[in-house]
Amino acid sequence: EIDWDNIYPPDQFVDLDDKELIETLEGFACCVTDKSGNNTGDPLYLVIIGKPIDVYVAFIRAGWDETEIVTRASAWKTMRSFLSGGEYRYSPVSSLYVFDRPQDVAFQKARDNIHERNHLRLWMSWVTYQGLPVWIGQISRDIGIKATWLSPTFTTHVIDPNVDEAREHLLQSLFL
């Protein structure tokens, strides 16, 4: 439900050439943060260029599901899946922050159960390339789950430290 045309003031968008784009991307944050901005997390190592509708459709066609927003109902469904070990295709993801805001869109690809899935979060930047929005993103592969008091669902995922494999899986899914 994001108003993509007004996510930034129109005069804030900057169209860059190849060299400027690379320099700007190198200046972006290296990692996501929590809401306070004090604690860094997963690396930002995806760059996607395209209109919001094209980005959205590409992921949906590749078998990725948009996640639900964290609500009591979705937290309950997540807890039931956690306890039963079942799949929950649209299970919400926690908010991670870039550009002082949570992800603009989040997708996931469910695997055998809720304990193992791939999460993808994207943020649209104020940069454009050849007139198209430039997105930065983060992807992670869940390999397990553990209990925590820091989450509204009292659970969090154990992330595969081999982040390159998750990125390669994402790219392969887009080519199929």
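Before any of the text, the structure's been laid out above.
Described below are features of the structure shown in this document.

Cut-offs and rules
Note that residues are indexed from 1 along each chain, following the sequence as it is written. For this predicted model, a pLDDT threshold of at least 70 governs which residues receive local features, and a threshold of 80 or more governs which side-chain atom pairs are given and counted, while totals over whole chains, interfaces and linings are taken from all residues. Values reported for side chains reflect all heavy atoms of the structure, with hydrogen atoms and water molecules removed beforehand. Here, nonpolar core refers to any group of buried Ala, Val, Leu, Ile, Met, Phe, Trp, Tyr and Cys residues whose side-chain atoms link them within 4.5 Å. Partly exposed describes any residue whose relative accessible area lies between the buried limit of under 20% and the exposed limit of over 50%, with all areas from a 1.4 Å probe on protein chains only and scaled to the type maximum. Secondary structure elements are taken from DSSP: a helix is a run of H or I of four residues or more, a strand is a run of E of two residues or more, and numbering for both begins at the N terminus. Here, residues are in contact when the closest pair of their heavy atoms is within 4.5 Å. Only residues whose relative accessible area exceeds 30% and that take part in no salt bridge are eligible for patches, with like-charged residues grouped when within 9 Å of each other and nonpolar side chains (Val, Leu, Ile, Met, Phe, Trp, Tyr) grouped when within 5 Å. Accessible surface area values rest on a Shrake-Rupley calculation with a 1.4 Å probe, where residue burial reflects the displayed protein chains alone. Think of a salt bridge as a Lys or Arg side-chain nitrogen and an Asp or Glu carboxyl oxygen that are within 4 Å of each other. Think of it this way: Lys and Arg go in the positive column, Asp and Glu in the negative one, and His and the chain ends go nowhere. Just so you know, the charge point we use is NZ for Lys, CZ for Arg, CG for Asp and CD for Glu. The pairing test for Phe, Tyr and Trp rings, Trp by its six-membered ring, is centres within 6.5 Å, and the orientation test on the planes gives stacked under 30 degrees, edge-to-face over 60, and tilted for anything in between. Pairs of strands are assigned from DSSP output, requiring at least two bridges between the strands.

**Observations concerning the nonpolar core**
Here is step 1 of the chain: If you look at the biggest cluster of nonpolar residues, it comprises 16 residues, and the most contacted ones within it are Phe59, Trp64, Leu120, Leu122 and Ile139.
Here is step 2 of the chain: Listed by contribution, the elements that provide at least two residues to this core are strand S4 (46-49), helix H2 (52-61), strand S8 (105-113), strand S9 (116-129), strand S10 (132-147) and helix H4 (163-175).
Here is step 3 of the chain: The element contributing the most residues to this core is S9, with 3 residues.
Here is step 4 of the chain: What Phe59 contacts, discounting residues up to four positions off in sequence, is Ile48, Trp64, Phe107, Leu120, Leu122, Leu170 and Leu174.

**Some remarks on the environment of Ile139**
Here is step 1 of the chain: Looking at where Ile139 falls in the secondary structure, it is placed in strand S10.
Here is step 2 of the chain: When the C-alpha positions of Ile139 and Leu170 are compared, they lie 8.2 Å apart, and in sequence the two are 31 residues distant.
Here is step 3 of the chain: In this view, Ile139 contacts Tyr45, Leu46, Trp64, His119, Leu120, Ala166, Arg167 and Leu170; residues no more than four positions away in its chain are not counted.

**Thoughts on a negative patch on the surface**
Here is step 1 of the chain: Together, Asp15, Asp17, Asp18 and Glu20 make up a region of like negative charge exposed at the surface.
Here is step 2 of the chain: Its place among the elements puts Glu20 in helix H1 (residues 18-27).
Here is step 3 of the chain: Given the relative accessible area of 36%, Glu20 is considered partly exposed.

**Some details on the pattern of salt bridges**
Here is step 1 of the chain: In total, this model carries 4 salt bridges according to the counting rule given.
Here is step 2 of the chain: Residue Lys19 pairs with Glu23 through a salt bridge whose shortest N-O separation is 3.8 Å. Placement of both Lys19 and Glu23 in helix H1 is noted, with a separation of 4 residues, approximately one turn of the helix.
Here is step 3 of the chain: For Lys19, a relative accessible area of 60% puts it in the exposed group.
Here is step 4 of the chain: By relative accessible area, which is 44% here, Glu23 ends up partly exposed.
Here is step 5 of the chain: Salt-bridge contacts for Arg101 lead to Asp104; the nearest nitrogen and oxygen are separated by 2.8 Å.
Here is step 6 of the chain: The class for Asp104 is buried, based on a relative accessible area of 11%.

**Re unusual backbone geometry**
Here is step 1 of the chain: Here the phi dihedral of Phe99 falls at roughly 55°; this positive angle occurs in a residue that is not glycine.
Here is step 2 of the chain: Note on placement: Phe99 falls in the loop between strand S6 (97-98) and strand S7 (101-102).
Here is step 3 of the chain: A positive phi angle, near 55°, is found at Gln130, a position not held by glycine.
Here is step 4 of the chain: With respect to the helices and strands, Gln130 occurs in the loop between S9 and S10.

**What to know about a nonpolar patch on the surface**
Here is step 1 of the chain: Residues Val47, Ile49 and Leu132 make up a contiguous nonpolar surface patch of roughly 210 Å² in combined accessible area.
Here is step 2 of the chain: By the element assignment, Ile49 lies in strand S4.

**Section: the packing of aromatic side chains**
Here is step 1 of the chain: For the coordinates displayed, the defined rule picks out 9 aromatic pairs.
Here is step 2 of the chain: Relative to Trp64, the ring of Phe59 has its centre 6.5 Å away and its plane inclined at 85°; by these criteria the two rings are edge-to-face. We note that Phe59, like Trp64, is buried.
Here is step 3 of the chain: Three or more aromatic residues link up through ring pairs in this structure, and these residues are Tyr8, Phe13, Phe28, Phe99 and Trp126.

**Notes on the pairing of S4**
Here is step 1 of the chain: With burial as the criterion, only one face of S4 is covered, namely that bearing Leu46 and Ile48; the residues Val47 and Ile49 on the opposite face remain uncovered.
Here is step 2 of the chain: Inspection of the sheet shows S4 paired to S10 by 4 bridges, in the antiparallel sense. Note on S10: the bridge partner recorded for Ile48 is Trp135.

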